[in-house]
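Listed here are the chains, written in short residue letters.
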Amino acid sequence: SMAGGLEPHLEALRRELQGPAVLSVLIALIAVAITFLIWRFVQGRRSSRKAVLLLGLCEAGKTLLFARLLSGRYRDTQTSITDSSAVYRVSRDKSTNVTLIDLPGHESLRLQFLERFKAAARAIVFVVDSVAFQREVKDVAEFLYQVLVDSTVLRNAPALLIACNKQDVTMAKSAKLIQQQLEKELNTLRVTRSAAPTSLDGSATGGPAQLGKKGKDFDFSQLPMKVEFVECSARGSKGEEGEADLEGLEKWLVKVA
């Protein structure tokens, strides 16, 4: 008799569960679940990228910068012909770290090393010699262009820092001037390269990816990744005896870790 008494209530509940309100709730829950899974996937891919690549031309000061970040000490360096990597703790919190990778800047090596490590890049530090910049601007822009039109770099959009090194030297160019000159030079490269029939790897794909916005003069804000500039000195104003001036770079590393 108890079962018979519950029957009308159970029937009413069944009808409720078949109603449009319940369907709406179920659809909303499924949508939330899918969004959460996509977010986890994107976060997972990002957190699996733990490398901060140090790029730049030969003699820009990458290796000294790498050594100073890791030990704080000055050391004599020579042109690298292979990569060096080490775990860098970005703060006193021991759990927060990235892998710093110093890549060779020699013209015959730099692209093959970029190819090897680009997929792991959480961030890129592109080191510029602020003293030799006026003389090297075309070579600097050429290498930076190759980095920026790379399909993996464009897809992953790692944070990019242009580190204007050697600011301890009187003749060093400012970060502002370096940014303006690079934008101008990259704009020129973009025009000449987009007219070329083949891409950088020689395949006839109608040229490399478009840099920036079509029909507008190039500037760094048009890129998919966040680009910042800092002035720094791996050598430091007191030379070998003193400390490096890397405060801006260290703050940026904390932010991207």
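Residues numbered from 1 in each chain as written. Predicted model: local features only at pLDDT ≥ 70, side-chain atom pairs only at ≥ 80, totals over all residues. Heavy atoms only, no water.

The protein chain goes by Signal recognition particle receptor subunit beta in an unreviewed UniProt entry, where it is assigned to Drymodes brunneopygia. According to UniProt, the comment filed for the protein chain under the heading Sequence similarities (unreviewed entry) is "Belongs to the SRP receptor beta subunit family." Its UniProt record, at the heading Subcellular location (unreviewed entry), says of the protein chain: "Endoplasmic reticulum membrane". (UniProt positions renumbered as here; feature names shortened; annotations may be inferred.)

Peer 1: Explain the pattern of salt bridges to me, please; I cannot follow it from the model alone.
Peer 2: It is possible for side chains bearing opposite charge to pair when their charged atoms get close. This structure, assessed with the given rule, holds seven salt bridges. Here K118 ties to D150 by a salt bridge, and the two come within 2.8 Å at their closest N and O atoms. With a gap of 32 residues between them, K118 in the loop between helix 4 (110–117) and strand 4 (121–129) and D150 in the loop between helix 5 (133–148) and helix 6 (151–156) connect regions that are remote in the sequence. For the residue pair K118 and D150, the accessibility class agrees, reading buried in each case. Here E228 makes a salt bridge to K255, at a shortest N to O gap of 3.1 Å. Linking E228 in strand 6 (residues 227–231) with K255 in helix 8 (residues 247–256), this pair joins segments that are 27 residues apart in sequence. Exposure remark for K255: the relative accessible area of 53% places this residue in the exposed category. Connected through salt bridges with shared partners, the residues E115, K118 and D150 form a single ionic network. (Salt bridge = Lys/Arg side-chain N within 4 Å of Asp/Glu carboxyl O. Helix = DSSP H or I, 4+ residues; strand = E, 2+ residues; numbered from the N terminus. Buried < 20%, exposed > 50% of the residue type's maximum accessible area, 1.4 Å probe, protein only.)

Peer 1: Can you help me understand the environment of T63 in this one?
Peer 2: Position of T63 relative to the elements: it lies in helix 3 (residues 62–71). Remark: the alpha-carbon pair of T63 and P104, spanning 41 residues in sequence, is separated by 8.9 Å. With near-sequence residues (within four places) excluded, T63 lies in contact with R75, T77, S80 and D102. At 2.8 Å, the side chain of T63 and the side chain of D102 are in polar contact. (Contact = heavy atoms within 4.5 Å. Polar contact = N/O pair within 3.5 Å; in protein donor to acceptor, adjacent residues only side chain to side chain.)

Peer 1: For this particular structure, what's the right way to read the packing of aromatic side chains?
Peer 2: Two descriptors summarise a pair of aromatic rings, namely the distance from one centre to the other and the angle between the planes of the rings. Across all of its chains, the model carries three aromatic pairs by this definition. Judged by centre distance (5.5 Å) and plane angle (50°), the ring pair of F126 and F143 falls under tilted. Of this pair, F126 sits in strand 4 while F143 sits in helix 5, and the two are 17 residues apart along the sequence. Judged by relative accessible area, F143 falls into the buried class, the value being 1%. Centre to centre, the rings of F218 and F220 are 5.4 Å apart; their planes meet at 75°, and the pair counts as edge-to-face. Note on accessibility: F218 and F220 belong to one class, buried. The ring of F143 carries the charged tip of R110 above its face, separated from the ring centre by 4.7 Å. (Phe/Tyr/Trp six-rings, centres within 6.5 Å; stacked < 30°, edge-to-face > 60°. Lys NZ or Arg CZ within 6 Å of the ring centre and 35° of its normal.)

Peer 1: So what exactly am I meant to see when it comes to helix 5 here?
Peer 2: Across its 16 residues, helix 5 extends only 19 Å between first and last C-alpha, which sits more than 12% below the 22 Å expected from 1.5 Å per residue. At D139, helix 5 shows its largest bend, some 35°. Those residues of helix 5 not exposed but buried are F133, E136, V137, V140, A141, F143, L144, Y145, Q146, V147 and L148. Each element contacted by the buried residues of helix 5 is listed here: strand 1 (51–56), helix 4, strand 4, helix 6, strand 5 (159–165) and helix 7 (175–194). (Expected span 1.5 Å × (residues − 1). Bend = angle between axes of the 7 residues up to and from the residue.)

Peer 1: Please clarify how the nonpolar core should be interpreted in this entry.
Peer 2: Within soluble globular proteins, side chains that are nonpolar generally end up buried alongside one another. Counting residues in hydrophobic clusters, the biggest one holds 40 residues, and the most contacted among them are L53, I162, L182, L186 and F220. Of all elements in the fold, only strand 1, helix 4, strand 4, helix 5, strand 5, helix 7 and strand 6 reach the threshold of two or more residues within this core. Look past the residues within four positions of L182 in its chain and what remains in contact with it is F133, V140, A141, L144, I162, F220 and F229. Core analysis: the next-biggest nonpolar cluster, separate from the first, contains 25 residues, Y88, L100, L246 and V256 among them. (Core = buried A, V, L, I, M, F, W, Y, C linked by side-chain atoms within 4.5 Å.)

Peer 1: In this structure, what is going on with the sheet that holds strand 3 (residues 97–102)? I would like to understand it.
Peer 2: Each strand in a sheet pairs with its neighbour through backbone hydrogen bonds, running either in the same direction (parallel) or in the opposite one (antiparallel). Spatially, the six strands line up as an open sheet ordered 2-3-1-4-5-6, and their pairing is mixed. Taken across any chain shown, the strands that pair with only one partner, and hence form the sheet edges, are strand 2 (84–89) and strand 6. On average, adjacent strands in this sheet sit at an angle of 25° to one another, irrespective of strand direction. Relative to strand 6, strand 5 is paired through five bridges, and the arrangement is parallel. Within strand 6, the residue paired with L161 across the bridge is E228. Contacts from helix 5 reach strand 1, strand 4 and strand 5 within the one sheet, and its direction differs from that of strand 4 by about 165°. Most of the contacts of helix 8 go to strand 4, to which it runs at about 165°, and overall it touches strand 1, strand 2, strand 4, strand 5 and strand 6. (Pairing = 2+ DSSP bridges. Axes fitted to C-alpha atoms, helices over the stretch in contact; angles between N-to-C directions.)

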